[in-house]
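# Overview (structure and organization)
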Amino acid sequence: MLDSFEILTTSGVVLWSRSYSSVSPSVINSFITDVFIEEKNKVSGAKENQSAAVNPPYKHDQHTLRWTFVKELGVIFVAVYRSLLHLSWVEKLVDNIKTIFVNLYGDQLTKPNTTIVECAEFDKYFDQQLQELESSGAKITYGSSDLRSRGADAEEQASGNFGEKPPSPALIHRRIPELDTIADEDSVASGLSPNISRPTTPATRPDGPRGAKVSRRARRVQNTASAHASSGDESPRHKKAAAKGPKKGRKWDDDGNATEEDGVQLDYSAKGLTSDSEAEVGRSTALEEVDDATWGSRSKGKFVLRDLGDEVHSILASAEQSKPSTTSPSSTGLVGSSLKTIGGLFRNVVGGKTLTKEDLDKAMKGMEEHLLKKNVAREAAVRLCAGVETELVGVKTASFESINARIQSAMEASLTKMLTPTSSLDLLREIDSVVSPPPTSLRKPRPYVMSIVGVNGVGKSTNLSKICFFLLQNKYKVLIAAGDTFRSGAVEQLAVHVRNLKELTAREGGRVELYQKGYGKDAATVAKDAVGFAAAEGYDVVLIDTAGRRHNDQRLMSSLEKFAKFARPDKILMVGEALVGTDSVAQAKNFNAAFGAGRGLDGFIISKCDTVGDMVGTLVSLVHATNVPILFVGVGQHYSDLRSFSVKWAVEKLLSST
Amino acid sequence: MEQQQSLLDMLKSFLEATLTPSPAVFIIGGLIVLLAPIILHHLYTRTTPYTSLPAVLLVGPSGAGKTALLTLLERGPLSSNPSPSSSSSSSSSSSAAQTHTSQVPASVELAAPEDKSLSFRTDLDAAGATATKFLLVDTPGHGKLRAAALSKLGPTASKDDKKSSSRLKAVVFVLDAADPDTLSTDGAEYLYDVLLALQKRTGSGKTSRAPHAVPVLVAANKLDLFTALPAALVRSRLEAELARIRRTRSKGLLGASVGADELDAAPEEGDDWLGEYGSDKFSFGQMREFDVDVDVIGGNVLGEGGPGVDKWWSWIADKI
């Protein structure tokens, strides 16, 4: 069943936990990193107090996590279970536990300067909830329709890896039969054949030994009123038709012939959820009887549980009641409201005002407008503003701080967080570690391979030669591979760059050569040959130029996957123009996805930054779309006009108002 | 009509009453004059903490054990007299709580005894020792969230942070000694940033008075594990790695904030150079020039058989 349940704070301390089987802490760590810090799955409401049912489940090797978050207290509730189990009651459990925990220990959580919450008593509340929901969970899901549809989503998402048995947790002993039946049904659902699960199929049929498909054909034939006359050329068509339509229920009449009937649903493959939960209800009622029988022996435990149950129910009920009452605003006459407005104005100047959604709305609109003016794509601007708004609702402004100043600082923090790379991007250090690895690491020295992709005309070759110049200054031996075998003049263009670079760096000791195979060859093969050549000749770095391609041209984009497989670059950089507008999001997404599974872009180079002044919003759009960091910024026409990206600089430019 | 009339009358009489010099008006006016500043003062002070305690900052890469150390130090005095309620929730024998990746900084109020020999587990009230209170501030170690921690160190701390920055007494940099890979990549880079921020503090202020010294403790954690490097080895590795980082950074590209016109004016020598400028090898001793003392001490938060955290604790108590 449940593998573990944890209650932890945003500061990383686990307040309460219960585990039934050992779950690696990396599961929850990666959950926190992906969902809360890097915001990979783009849930706009990742910071809101939604119920666990609305939050999309997070999946991490074989485990599914259902979670909810209380923003004011900074507490996260996570339930971990095996992905191959469909536990529809877990969301309800997470929500209920949240309500109970916040009710019981909420005041302890707001204490400053401590991480201790005395919640050892919580064990029995949890046990009570778990037992209650486990036994009645199926009914709850059956009762409310929206829960059921959500269950369908979960079921669709769950990958079918049913061969494995989960390690049996402490509570599993009563549940094993149910588990088996669920697994059975799921194997049916994964579409093997509906016939396996039908015990009513008569063993001996008058028609003789026929397979399932034959009998289906026979039935079809019967329906078309041409009895026992199935011709060979007709059957494939029938089969196809039968496969396409939804599977119908079948009844066996006295002769043993099948007749088709609508209404009785036996098809478990697509939307068999209703019948699934029906079956679960049936099972759970049977289970309750068993439970009652076993409880007879330990009446004392039952008594205690009942008592607790009442308390828990009252907590849940009061929480349910308070929900609608908070939404209805209290109208307290003219005097009250005018006093409130005056107080609000006063607080706006002095500070100490608790921000509400209405306060923020107007200011956020202004901020969004500002970002759009800075050439941030609309999608990214909306997401940023939504993130800041949810972060600020309910926050008190500091003394003598206006709302706008607060929003400004929150936006600054959120932009900084977005643009800051997860790991350091020191290119020279990386090259060093590949070219001359430390003797302890047991790696063989090999050339460091970088390739550059992008849309036509954004400056791929120019930025490649800029990087080359930078590397030559640091005394590396560089090989430039002419991977653009398509556009006429591309190889010659690179040859000119190489000639210039040679002359420029002849004194400083760098060495650069061009590797080219002319036009018309396969770019991936050229790249692979170039890497092999560089390894043989002792080059340090290989820079591969590629042909420019439109990001929505499927034919050209698909060749990138082969390219990534053949050349195996250490870094794939995409060049993006600062000039481009909303299209940047689509460009980045398509290029990021083009290298096949498990390989994406490693960084962006933003070219032509000198032409846009303050409007560097493209940076934000690109990072927003892909979570890929920006490495370099091109700021001019010369070889030396390449800068490493600085987050502070970008944030300053984005927020400057001119 | 009548209502309006009566309202006007009321206003009139009210105005008259307030403008005639009667004792009631004097008293009320006097009260307002006397109380208004007091009330304002209370409003203002209630929002800000009454005193700012000296602070010790816990920094380090993710997964090094910062939050675990924080909880261990906080729960240390409690675990010496085992309470029946906490026995069920704590699974291991040690008193540090289970932790996961942090997203927000957390701070804990601790008391450092003046008698340095006392362990952190000693209940100070029972021992009757005199102690200084301080805040231990845990910061998230994830790459995206380091900016906040670094801003607390640097000279660029904004006005709000100024107060807390001046109370910063020491920095504890926690490292996972059992993981040499992150130690020499992520950990070393973060340490470089921290030390550089501290170095920039000197000479950045408006006055000629040097800011107070902020010592750094590199706490090599997880020494109970078999694969862990001893503290001396951690030290030499870090020094070698920091030297490499500073070399590649000096050769790296200029930051994007450098404008075209500023290019000719050569960047100030050694602006971003950690330690003694131009020196080939880096050692933590070079940081003494900038009033930054660096110590490397080993220990372990979890597990048994290691040196524990007592040395770190006495180091912290010494610096408060």
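Every residue gets a number counted from 1 within its own chain, in the order that chain's sequence is written. Here every chain gets a letter starting at A, and every ligand a number starting at 1, in the order they are written. Local features in this predicted model are restricted to residues whose pLDDT is 70 or higher, and side-chain atom pairs enter the listing and the counts only when it is 80 or higher, whereas totals over whole chains, interfaces and linings include all residues. The side-chain figures draw on all heavy atoms in the structure; neither hydrogens nor water molecules are used.

Stated formally: UniProt positions are given in the numbering used here, feature names are shortened, and annotations may be inferred rather than shown by experiment.
The name an unreviewed UniProt entry gives chain B is Signal recognition particle receptor subunit beta, with Coniochaeta hoffmannii as the organism. Database annotation for chain B, UniProt heading Sequence similarities (unreviewed entry): "Belongs to the SRP receptor beta subunit family."

By the naming in an unreviewed UniProt entry, chain A goes by Signal recognition particle receptor subunit alpha homolog and is assigned to Coniochaeta hoffmannii. Taken verbatim from the UniProt record of chain A, the Subunit (unreviewed entry) comment is "Heterodimer of an alpha and a beta chain." Under the Sequence similarities (unreviewed entry) heading, UniProt states for chain A: "Belongs to the GTP-binding SRP family."

## Notes on the overall build of chain B
Formally: Secondary structure elements follow DSSP: runs of H or I of four or more residues count as helices, runs of E of two or more count as strands, with numbering from the N terminus. Relative accessibility decides the category of a residue: with a 1.4 Å probe and only protein chains considered, values under 20% of the type maximum give buried, values over 50% give exposed, and everything between is partly exposed. In this description, contact between two residues means that some pair of their heavy atoms is separated by no more than 4.5 Å. Using a 1.4 Å probe, accessible areas were evaluated by the Shrake-Rupley method; residue-level cover was limited to the displayed protein chains.
Counting its secondary structure elements, chain B contains 9 helices and 6 strands. Within the span of chain B, comprising 320 residues, buried residues form 39% of the whole. By sequence separation, contacts in chain B at least 24 residues apart represent 78% of the contacts at least 6 residues apart. Carbon together with sulfur atoms contributes 58% to the accessible area of chain B, which is approximately 17400 Å² in total.

## Details of the side chain of Glu241(B)
Relative to the assigned elements, Glu241(B) resides in helix H8 (residues 231–251). What makes Glu241(B) buried here is its relative accessible area of 10%. Not counting the four nearest positions on each side in its chain, Glu241(B) is found in contact with Arg429(A), Ser184(B) and Ala188(B).

## As for the pairing of strand S6 (residues 294–298) of chain B
Residues and elements named next belong to chain B. Counted only if it meets this: Two strands qualify as a pair provided DSSP detects at least 2 bridges between them.
Across the 5 residues that make up S6, a large majority, 4, are buried. Taken together, the 5 bridges between strand S5 (residues 216–221) and S6 define a ladder with parallel strand orientation. When the sheet's bridge partners are listed, Leu 217 is paired in S6 with Asp 295.

## Looking at the pattern of salt bridges
Residue and element names in this part refer to chain A. The line we're drawing: Note on definitions: salt bridges are taken to be side-chain nitrogens of Lys or Arg within 4 Å of carboxyl oxygens of Asp or Glu.
Per the counting criterion, the structure on display carries 23 salt bridges over all chains. Notably, a salt bridge pairs Asp 123 with Arg 18, separated by 3.8 Å at the nearest N-O pair. Highlighted residues: Asp 123 in helix H3 (residues 122–143) and Arg 18 in strand S2 (residues 14–19), separated in sequence by 105 residues. Linking Asp 522 and Lys 562 is a salt bridge whose minimum nitrogen-to-oxygen distance equals 2.5 Å. One end of the pair, Asp 522, is in the loop between strand S10 (511–515) and helix H17 (523–537); the other, Lys 562, is in helix H18 (residues 554–567), and 40 residues separate them in sequence. By relative accessible area, Asp 522 is classed as partly exposed at 32%. For Lys 562, a relative accessible area of 37% gives the class partly exposed. Via salt bridges that share partners, Arg 18, Asp 123 and Asp 127 belong to a single interconnected network.

## Description of the packing of aromatic side chains
Residues and elements named next belong to chain A. What counts here: Whether two aromatic rings pair depends on their centres lying within 6.5 Å, for rings of Phe, Tyr and Trp, where Trp uses its six-membered ring; planes under 30 degrees apart make the pair stacked, over 60 edge-to-face, and the rest tilted.
Tallying each qualifying case throughout the model produces 21 aromatic pairs over all chains. Judged by centre distance (5.8 Å) and plane angle (80 degrees), the ring pair of Phe 77 and Phe 101 falls under edge-to-face. A residue pair is termed long-range when its members are at least 10 positions apart, and Phe 77 in strand S5 (residues 75–82) and Phe 101 in helix H2 (residues 90–109) qualify at 24 residues. We note that Phe 77, like Phe 101, is buried.

## Digging into the interface of chain B and chain A
Filter applied, for reference: Accessible area, probed at 1.4 Å, shrinks when two parts are joined; the buried area is that loss added up over both. When residues are sorted by character, Ala, Val, Leu, Ile, Met, Phe, Trp, Tyr, Cys and Pro go into the nonpolar class, Asp, Glu, Lys and Arg into the charged class, and all the rest, Gly among them, into the polar class.
Facing 46 residues of chain B, the contacting portion of chain A comprises 47 residues. Interface of chain B and chain A: buried area, both sides summed, is about 4200 Å²; carbon and sulfur atoms make up 54% of it. For chain B, the biggest contributors to the area lost against chain A are His100(B), Lys144(B) and Leu253(B); these three give 20% of the whole. The tally of links from chain B across to chain A stands at 2 salt bridges. One salt bridge in this structure joins Glu241(B) and Arg429(A), with 2.5 Å as the shortest N-O distance. For the side of chain B that touches chain A, a count of residues per class yields 16 nonpolar, 20 polar and 10 charged.

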